[in-house]
2 protein chains.
Amino acid sequence: MERCTIRYRILGDEAETRARADDLRHEQTVELPADLLPPGFIPDEVVGQVEAIVPDGDACLIDVSFAADNVGGDLSQLLNTLFGNTSIKPDVRLERIVSLPAALSATLPGPRFGVAGLRERLGVSQRPLLCTALKPLGLDADALADLAYRFALGGIDIIKDDHGLADQRYAPWDERCRACAAAVARANNETGYSCVYAPHVIGSPEQVRARGERAAEYGAGALLVSPGLIGFPAMAALTERGLPLLAHPALLGAFTTHDSSGISHGALYGQLLALAGADGVIFPSWGGRFAYTREQCAEIAAACARPLGERPAIFPTPGGGMSLERIPEMLAVYGPDVIFLIGGGLLRHGPDLVTSCQAFKQALTPVS
Amino acid sequence: MERCTIRYRILGDEAETRARADDLRHEQTVELPADLLPPGFIPDEVVGQVEAIVPDGDACLIDVSFAADNVGGDLSQLLNTLFGNTSIKPDVRLERIVSLPAALSATLPGPRFGVAGLRERLGVSQRPLLCTALKPLGLDADALADLAYRFALGGIDIIKDDHGLADQRYAPWDERCRACAAAVARANNETGYSCVYAPHVIGSPEQVRARGERAAEYGAGALLVSPGLIGFPAMAALTERGLPLLAHPALLGAFTTHDSSGISHGALYGQLLALAGADGVIFPSWGGRFAYTREQCAEIAAACARPLGERPAIFPTPGGGMSLERIPEMLAVYGPDVIFLIGGGLLRHGPDLVTSCQAFKQALTPVS
């Protein structure tokens, strides 16, 4: 039977982690100790198998394989198999999906565009992409659309809703989406660029489905999705709308706040969000308002560039407190296949938003 | 404008945490610093407001109020407002929803049954309820249904799928659900009890919706739901099926593995899962296979008994490695309004499953 191989990092020496791994391979499958299992198929095939243990500092990296049939071709069940109950245990981290059998991989979702597809959509072949956010929450739809218009005139490639924008009475979802998509289209007519607007698709399953459809009707060119809020499967279903997806990490941060537990930065952003359909994954870059390190950000970028199975590479999308001055050091880490997300930094840069956008785009010229 | 009040625990002294709280109230709303906001409505109403700071050991408990209109009556946006970006920051924990305005509370979901409603459904007025799980993964539908039959004969109140059961070829979802619901109905005919079967509803949004409907058609009496896997909004939508919901914490454990960050046990299990519609919340009790302490478990039970707004109290459902011997100490902490979840402990107790179930039920007699 085909198996997928998953790497965990468990604190402790080899003997301790071997015992923990034996627990994990049962916890993530049969939830019974070995002596309560009927002999044969279940312990031989269904239970996870420890494939390798490699010491790694104060921990061990442990590869466990699971029967692909346990997953049943379902993204939510894949999450369950990888880390469902083990998420509740201390001192164990989901480090990496090492391999998925091709037949299983083919039944799971993934990015529809990726780096090459999104570049083609946006008509930008080589340079980093520029993304910004419509904010602050509390502006009305017209004010947000006016912002979008000026961002688009300035040459921003992707204009997304701030992820706090939902369906508030300040700027109701449909009114905002229609106005901002129209504003961006108007700017594109003037500039000849292919800027896209990405509304935040949030709400109940029915609202998410309907808003995904209406976003396409209104002319949105991408969708912003927060799987921590609406669920990974709801995000994956939005790939059917035929629009690129930008994933936002709202509520997912708890997986990465401690190195000893949760999910590694690479696996969360570069693997799980890609499986859920992300063409770009937003995360807080080092040196901004959040606490990710340069190494953790580099790990995300590396995972984005190393897709699972036949999927395309996706864009790391660092944000969370960027400024013009930081572009060179960020380019050095991320390389050209990156989406720079700049929000407040654009608003702060100068009094004229169009000029500020142009300055940011100019700063990317050396690599274009 | 009406506001909800949320309590956070931030590590540091009063001056440090005041600065962190000032950051948080912007991060969770406008995502811009104060000097970039237009004066008036947005800083005065839309931005969060620090209402109280109370030192608490090496941290401070900080109450922040948010405009109810920021939430827009949507569960996913409530999660976003409470902890979206802040989940990514270290040393800050979502401690408790202190209050929701009645008008906002009324637009959010919640349990349809609660303690009283579920007791009425099951015909059990006072004693703790008994729940068990169909396992191990790898058995076929007939074998699982045979287990369900014997559990029901023995007097178990709720028989749930193990949360690892999805739509595997070993026991396809529809075949399993139909067979187990029928087996429990057959046992109820013999015993006169009102045991219910709770299949695990998992999959894509469309599958979750369809499986919720089919579960009701097949005669399931409750649903097992894992919001960490399918999303909180998808769980909330299942309340419309008219069946009690049992929530499983798969993948949510990362919120509770460190005291300094994530979400408190009480807020996660007793508030957020209740808002998503849980009538009972499964969690790993102290002394079993997991690491929750007695105090953390008591906090969950207390939060379950103290509902938000007009909602009913819900059942704490401790599991994760229980045995007959532990019932007295667990009763002392949880009291009678509890669902005891016993899986492997029943299988281990003795050779005859029906007799083992009866022994567990007998152990609850002192309080029935």
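A short tour of the structure in this document, coming up. (Residues numbered from 1 in each chain as written. Chains lettered and ligands numbered in written order. Predicted model: local features only at pLDDT ≥ 70, side-chain atom pairs only at ≥ 80, totals over all residues. Heavy atoms only, no water.)

**What to know about the overall build of chain A**
What chain A contains, in helices and strands, is 16 helices and 13 strands. A compact globule built from 368 residues should have a C-alpha radius of gyration of about 21 Å, and chain A, at 22 Å, falls within 12% of that. Each principal axis of the C-alpha distribution contributes one length, and for chain A these read about 70 × 40 × 35 Å. Pairs at least 24 apart in sequence give 71% of the contacts found in chain A among residues at least 6 apart. When the accessible surface of chain A is totalled, it reaches about 11,900 Å², and 50% of it is carbon and sulfur. In chain A, which carries 31 positive and 43 negative side-chain charges, the distance between the mean positions of the two groups comes to 6 Å. (Helix = DSSP H or I, 4+ residues; strand = E, 2+ residues; numbered from the N terminus. Rg over C-alpha atoms; globule rule 2.2 N^0.38 Å. Contact = heavy atoms within 4.5 Å. Areas by Shrake-Rupley, 256 points an atom, 1.4 Å probe, with all protein chains shown as cover. Lys, Arg positive; Asp, Glu negative; His and termini not counted. Charge placed at Lys NZ, Arg CZ, Asp CG, Glu CD.)

**Observations regarding the interface of chain A and chain B**
Between chain A and chain B, the contact holds 74 residues from the first and 74 residues from the second. In this assembly, chain A packs against chain B so that about 6,200 Å² is buried in total across both faces, 60% of it on carbon and sulfur atoms. If you look at where chain A meets chain B, you find 4 salt bridges. Residue Asp 35 of chain B pairs with Arg 348 of chain A through a salt bridge whose shortest N-O separation is 2.7 Å. Counting across the chain A and chain B interface gives 31 residue pairs in polar contact (both at pLDDT 80 or more). Of all the secondary-structure elements, those providing two or more residues to the side of chain A that touches chain B are helix H2 (41-46), helix H3 (68-71), helix H4 (75-83), helix H9 (205-218), helix H10 (227-230), helix H11 (232-238) and helix H15 (344-349) of chain A. (Buried area = accessible area lost by both parts, 1.4 Å probe. Salt bridge = Lys/Arg side-chain N within 4 Å of Asp/Glu carboxyl O. Polar contact = N/O pair within 3.5 Å; in protein donor to acceptor, adjacent residues only side chain to side chain.)

**Side note on the nonpolar core**
In terms of nonpolar packing, the biggest core is built from 233 residues, with Tyr 8, Leu 134 and Phe 340 of chain A together with Tyr 8, Leu 134 and Phe 340 of chain B touching the most fellow members. Sort the elements by how many residues they give to this core and helix H8 (residues 173-191) of chain B lands first, with 8 residues. Residues contacting Leu 134 of chain A, with those up to four places away along its chain left out, are Leu 144, Leu 147, Ala 148, Phe 151, Ile 159, Lys 160, Asp 161, Asp 162, Leu 165, Cys 180 and Tyr 197 of chain A. (Core = buried A, V, L, I, M, F, W, Y, C linked by side-chain atoms within 4.5 Å. Buried < 20%, exposed > 50% of the residue type's maximum accessible area, 1.4 Å probe, protein only.)

**Here we look at helix H12 (residues 265-275) of chain B**
All names here are of chain B. Most of H12 is tucked away: 11 of the 11 residues are buried. All buried positions along H12 are accounted for by His 265, Gly 266, Ala 267, Leu 268, Tyr 269, Gly 270, Gln 271, Leu 272, Leu 273, Ala 274 and Leu 275. Positive phi appears at Gly 277, one or two residues downstream of H12, with a value of about 110°.

**Notes on the relation of the copies chain A and chain B**
Placing chain A over chain B gives an RMSD of 0.0 Å and needs a rotation angle of 180°, together with 0.0 Å of translation along the axis. Classification of the inter-copy transformation places it as that of a two-fold axis. Closest approach to the rotation axis among the C-alpha atoms of chain A is made by Gly 231 of chain A, whose C-alpha sits 1.9 Å away. (Least-squares fit on C-alpha atoms with pLDDT ≥ 70 in both.)

**A short note on H8 of chain B**
Residues and elements named next belong to chain B. Under the 1.5 Å per step criterion, the end-to-end length of H8 is 27 Å for 19 residues, consistent within 8% with the ideal 27 Å. For H8, every residue scored as buried is listed here: Trp 173, Arg 176, Cys 177, Ala 179, Cys 180, Ala 181, Ala 183, Val 184, Ala 187 and Asn 188. Contacts made by the buried residues of H8 are with strand E5 (129-134), helix H7 (141-153), strand E6 (158-161), strand E7 (196-198) and helix H9 (205-218). Gly 192 sits one or two residues past H8 and shows a positive phi near 80°. (Expected span 1.5 Å × (residues − 1).)

**Describing the sheet that holds strand E6 (residues 158-161) of chain A**
All names here are of chain A. Strand order in this open sheet of 4 strands is E7-E6-E5-E13, and the pairing throughout is parallel. At either margin of the open sheet sits one strand with a lone partner, and together these are strand E7 (196-198) and strand E13 (339-341). Put simply, the sheet's adjacent strands are angled 25° from each other on average, direction ignored. Pairing geometry for E6 and E7, over 3 bridges, is parallel. For Ile 158, the partnering residue across the bridge sits in E7 and is Val 196. In this fold helix H6 (residues 114-122) packs onto strand E5 (129-134), E6, E7 and E13, with an angle of close to 75° to the strand it touches most, E5. This element, helix H8 (residues 173-191), spans E5, E6 and E7 of the sheet and lies at about 165° to E7. (Pairing = 2+ DSSP bridges. Axes fitted to C-alpha atoms, helices over the stretch in contact; angles between N-to-C directions.)

**Looking at the pattern of salt bridges**
Scanning the model with the defined rule gives 40 salt bridges over all chains in all. Here Lys 135 of chain B and Asp 162 of chain B are joined by a salt bridge, their closest N and O atoms 3.8 Å apart. Here Lys 135 of chain B, found in the loop between E5 and H7, pairs with Asp 162 of chain B, found in the loop between E6 and H8; they are 27 residues apart in sequence, far enough to count as distant. Residue Lys 135 of chain B is classed as buried on the basis of its relative accessible area of 6%. Glu 329 of chain B is the partner of Arg 294 of chain B in a salt bridge, and the nearest nitrogen-oxygen pair spans 3.7 Å. Placement of the pair is Arg 294 of chain B in helix H13 (residues 294-304) and Glu 329 of chain B in helix H14 (residues 327-334), with a sequence separation of 35 residues. Taken together, the shared-partner salt bridges in this structure form one network comprising Arg 9, Asp 56 and Asp 58 of chain A.

**Describing the pairing of strand E12 (residues 315-319) of chain B**
All names here are of chain B. Counting buried positions along E12 gives 5 out of 5 residues, so the element sits mostly inside the fold. Side chains of E12 alternate between two faces, with Phe 315, Thr 317 and Gly 319 and Pro 316 and Pro 318 buried alike. This β-α-β element, strand E11 (residues 280-284) to H13 to E12, shows right-handed connectivity. (Right-handed = clockwise from strand over helix to strand, strands pointing away.)

**A short note on the packing of aromatic side chains**
Aromatic ring pairs are reported here in terms of the distance separating the ring centres and the angle at which the planes meet. Residues and elements named next belong to chain A. Across all of its chains, the model carries 11 aromatic pairs over all chains by this definition. Relative to Tyr 292, the ring of Tyr 269 has its centre 6.1 Å away and its plane inclined at 80°; by these criteria the two rings are edge-to-face. Residue Tyr 269 is located in helix H12 (residues 265-275), and its partner Tyr 292 is located in the loop between strand E11 (280-284) and helix H13 (294-304); the two are separated by 23 residues in the primary sequence. Residue Tyr 269 shares its accessibility class with Tyr 292, and that shared class is buried. Ring pairs connect the aromatic residues Tyr 269, Phe 283, Trp 286, Tyr 292 and Tyr 334, which therefore count as one cluster. (Phe/Tyr/Trp six-rings, centres within 6.5 Å; stacked < 30°, edge-to-face > 60°.)

**Points about the environment of Gly 266 of chain A**
Residues and elements named next belong to chain A. Here Gly 266 lies in helix H12. The spatial distance from the C-alpha of Gly 266 to the C-alpha of Leu 238 is 23 Å, given a sequence separation of 28 residues. Excluding residues that lie within four positions of it along the chain, Gly 266 makes contacts with Gln 271, Glu 299, Ile 300 and Ala 303.

**Concerning the environment of Tyr 193 of chain A**
All names here are of chain A. For Tyr 193, the position within the fold is in the loop between H8 and E7. In sequence terms Tyr 193 and Asp 63 are 130 residues apart; their C-alpha atoms lie 47 Å from each other. When sequence neighbours within four positions are dropped, the list of residues in contact with Tyr 193 reads Ala 152, Leu 153, Gly 155, Asn 188 and Lys 361.

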